[in-house]
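If you want the building blocks of each chain, they are given just below.
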Amino acid sequence: MNQQAELALDLAQRAQDHIDSERLQDAIATLACFGGRKDGGVSRETLSDADLAARRYLVDQARALGCLIETDECANLYFRRPGLTDLPPVLTGSHNDTQPVGGKLDGAYGVVGGLELIAALNDAGIQTQRSIDVVAWTNEEGCRFGPGAMGSSAFVVPARLAAYRESVDSQQITFGSALDAAHAQFPDLGRRPMSSALFAYIELHIEQGPVLERAEVPLGVVTGIQGVRWYRVTCSGMAAHAGTTPMDERADAMVAALGMANQLYAYAASQSVSALRLTLGQWRVSPGSVNTIPGEVVFTIDARCIDDAVLQRFEDELRDVTRSWTWRGHIDFECFFQRSPTAFPDAILDLIEQSCQRASRLAQRAAPLRLSSGAFHDAMYLADHCPSGMIFVPSEKGISHNAAEATAPRDLFLGVQALAYTVTALATGVSL
Ligand code: HGY
Ligand code: MN
Ligand code: MN
């Protein structure tokens, strides 16, 4: 190993050893207050008032750490700790938005973990060759404005933003108008161009599933992310009187929608597609009256699998089911989010594994596990842009997208230690 790399790993160890668990816990608890719920969860959907207030808090925190702060056209927030050179920076971070009923950690943990890394580098008096940027991505969840991971995907391919600006929420507000309103609240932030050069991207995140906890392993080296497709299915029938319309003369959109849903769940449950995960999470019934036959039912489909061919076969099945449903109305569907499976590069996996091994060994915990991610993350787009990777910590009972989402403080601490080692090594001379 050359001298530069040796120095880099020495600095990486020092950064790792300066992570402060109490400071980390305080920051997680404070950020969770923005959109905090009585049940202990967080409701901070993208570009909502709670999200904007949280952004102001993060900007203040980053300023207090001496960071330079910028944003871009998609309102992604960047907190830079300058390095000694103007080589492409190392980027870390995650998303700041949550599900309508989310937890304190999904996304927030990666952003706060990045700021804790900067605090530790300041404490250790470490200067890095490359700048370290911590990012808070806009709209990763995609539940208010679909599709998901808009901020990171527009960063990688800016041309995507035009279509994203047209996306509307349930109040018919466009993503574009919400973006413009958000920018107006931060007039003093410098703007950086999107798709700027990056040396590497490392994202720290909770697993949101049961694998690490069941294996009793505190750190996960994420090998990749399964593929995802989102569809919107519209069943159009005819609204009519619930009392006077004979059953055999109806164009009841709910009968069609439920019939389709049952066929799709039966398909997903069949042995041949056991790796497929299917969720029909969002339903809109109109006119939504107790005594009017539903004229229209719109529902969403979230289909996931590590094998893209399984997702393609599911889409073929969806098309067949749509065509085969005979009734007086009609059914359309559109795919509004599609991302093939992602694989992270070996050089990043090996460095992350090294960082996790040191952190878990010093804590006398089990060695890290390699696993793929069931959830999607901004890293799936960054992987198209630069060498990228992810570090996982366990989720208690595998629960996420739920107010009960939780991870033991000692595991959260180890995760940030592993992040500190990985990012500092990359920013001080480890080559890829
Ligand atoms: O849906 C997802 O996988 C991510 O948590 N937004
Ligand atoms: Mn997330
Ligand atoms: Mn999520």
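Residues numbered from 1 in each chain as written. Chains lettered and ligands numbered in written order. Predicted model: local features only at pLDDT ≥ 70, side-chain atom pairs only at ≥ 80, totals over all residues. Heavy atoms only, no water.

Thoughts on the overall build of the chain
Thinking step 1. A tally of helices and strands in the chain yields 13 helices and 17 strands.
Thinking step 2. A globule of 432 residues ought to have a C-alpha radius of gyration of about 22 Å, and the chain, at 23 Å, matches this closely.
Thinking step 3. If one aligns the C-alpha atoms of the chain with their principal axes, the spans along those axes are about 80 × 50 × 40 Å.
Thinking step 4. Expressed as a percentage of its 432 residues, the buried residues of the chain come to 55%.
Thinking step 5. Carbon and sulfur atoms form 50% of the exposed surface of the chain, whose accessible area is close to 17,400 Å². (Helix = DSSP H or I, 4+ residues; strand = E, 2+ residues; numbered from the N terminus. Rg over C-alpha atoms; globule rule 2.2 N^0.38 Å. Buried < 20%, exposed > 50% of the residue type's maximum accessible area, 1.4 Å probe, protein only. Areas by Shrake-Rupley, 256 points an atom, 1.4 Å probe, with all protein chains shown as cover.)

Overview of the site of ligand 1
Thinking step 1. Every residue lining ligand 1 is accounted for by Glu140, Glu141, Gln208, Arg304, Ala375, Phe376 and His401.
Thinking step 2. Separating an oxygen atom of ligand 1 from a side-chain N or O atom of Arg304 is a distance of 2.8 Å.
Thinking step 3. The backbone of Phe376 places a nitrogen or oxygen atom 2.8 Å from an oxygen atom of ligand 1.
Thinking step 4. Considering ligand 1 on its own, with 210 Å² of exposed area, one finds that the protein chains cover 94% of that surface. (Near = heavy atom within 4 Å. Polar contact = N/O pair within 3.5 Å; in protein donor to acceptor, adjacent residues only side chain to side chain.)

Thoughts on the state of the cysteines
Thinking step 1. Under the criterion given, the structure shown has zero disulfides.
Thinking step 2. Not part of a disulfide, Cys67 finds its nearest cysteine sulfur in Cys386, a span of 19 Å.
Thinking step 3. For Cys67, a relative accessible area of 8% gives the class buried.
Thinking step 4. Take Cys235: it sits in no disulfide, and the sulfur closest to it among the cysteines is that of Cys335, at 17 Å. (Disulfide = S-S within 2.5 Å.)

Examining the coordination of the manganese ion (ligand 3)
Thinking step 1. Coordination of the manganese ion (ligand 3) by the protein is provided by Asp106 (OD), Glu141 (OE), Glu141 (OE) and His401 (NE2), with metal-donor distances spanning 2.2 to 2.6 Å.
Thinking step 2. Mapped onto the polypeptide sequence, the residues donating to the manganese ion (ligand 3) form the spacing pattern D-x34-E-x259-H. (Donors = N, O, S within 2.8 Å, 3.2 Å for Na, K, Ca; no water.)

Topic: the packing of helix 1 (residues 3-17) against helix 13 (residues 409-427)
Thinking step 1. Where helix 1 meets helix 13, the closest approach of the two axes is 8 Å, and the angle between their N-to-C directions is 150 degrees. Relative to helix 13, the element helix 1 lies roughly antiparallel. The interaxial crossing formed by helix 1 with helix 13 has right-handed handedness. Residues Ala8, Leu9, Leu11, Ala12, Gln13, Ala15 and Gln16 of helix 1 form the contact with helix 13, whose own contacting residues are Gln417, Ala418, Ala420, Tyr421, Thr424 and Ala425.
Thinking step 2. Residue classes in the contact of helix 1 with helix 13 are distributed as nine nonpolar, four polar and no charged. (Axes fitted to C-alpha atoms, helices over the stretch in contact; angles between N-to-C directions. Parallel < 35°, antiparallel > 145°, perpendicular 65-115°, else oblique. Left-handed = near helix turned anticlockwise from the far one by under 90°. Contact = heavy atoms within 4.5 Å. Nonpolar A, V, L, I, M, F, W, Y, C, P; charged D, E, K, R; others polar.)

With respect to the nonpolar core
Thinking step 1. Phe79, Tyr109, Phe175 and Ile391 are the most contacted members of the largest nonpolar core, which has 104 residues in total.
Thinking step 2. Per element, the largest residue contribution to this core is eleven residues, and it comes from helix 13.
Thinking step 3. Among the domains, domain 1 (3-225 + 342-428) and domain 2 (227-339) are the pair contributing at least three residues each to this core.
Thinking step 4. Within the second largest apolar cluster, 25 residues are counted, among which are Ala253, Leu280, Phe314 and Leu318. (Core = buried A, V, L, I, M, F, W, Y, C linked by side-chain atoms within 4.5 Å. Domains from an automatic or database assignment.)

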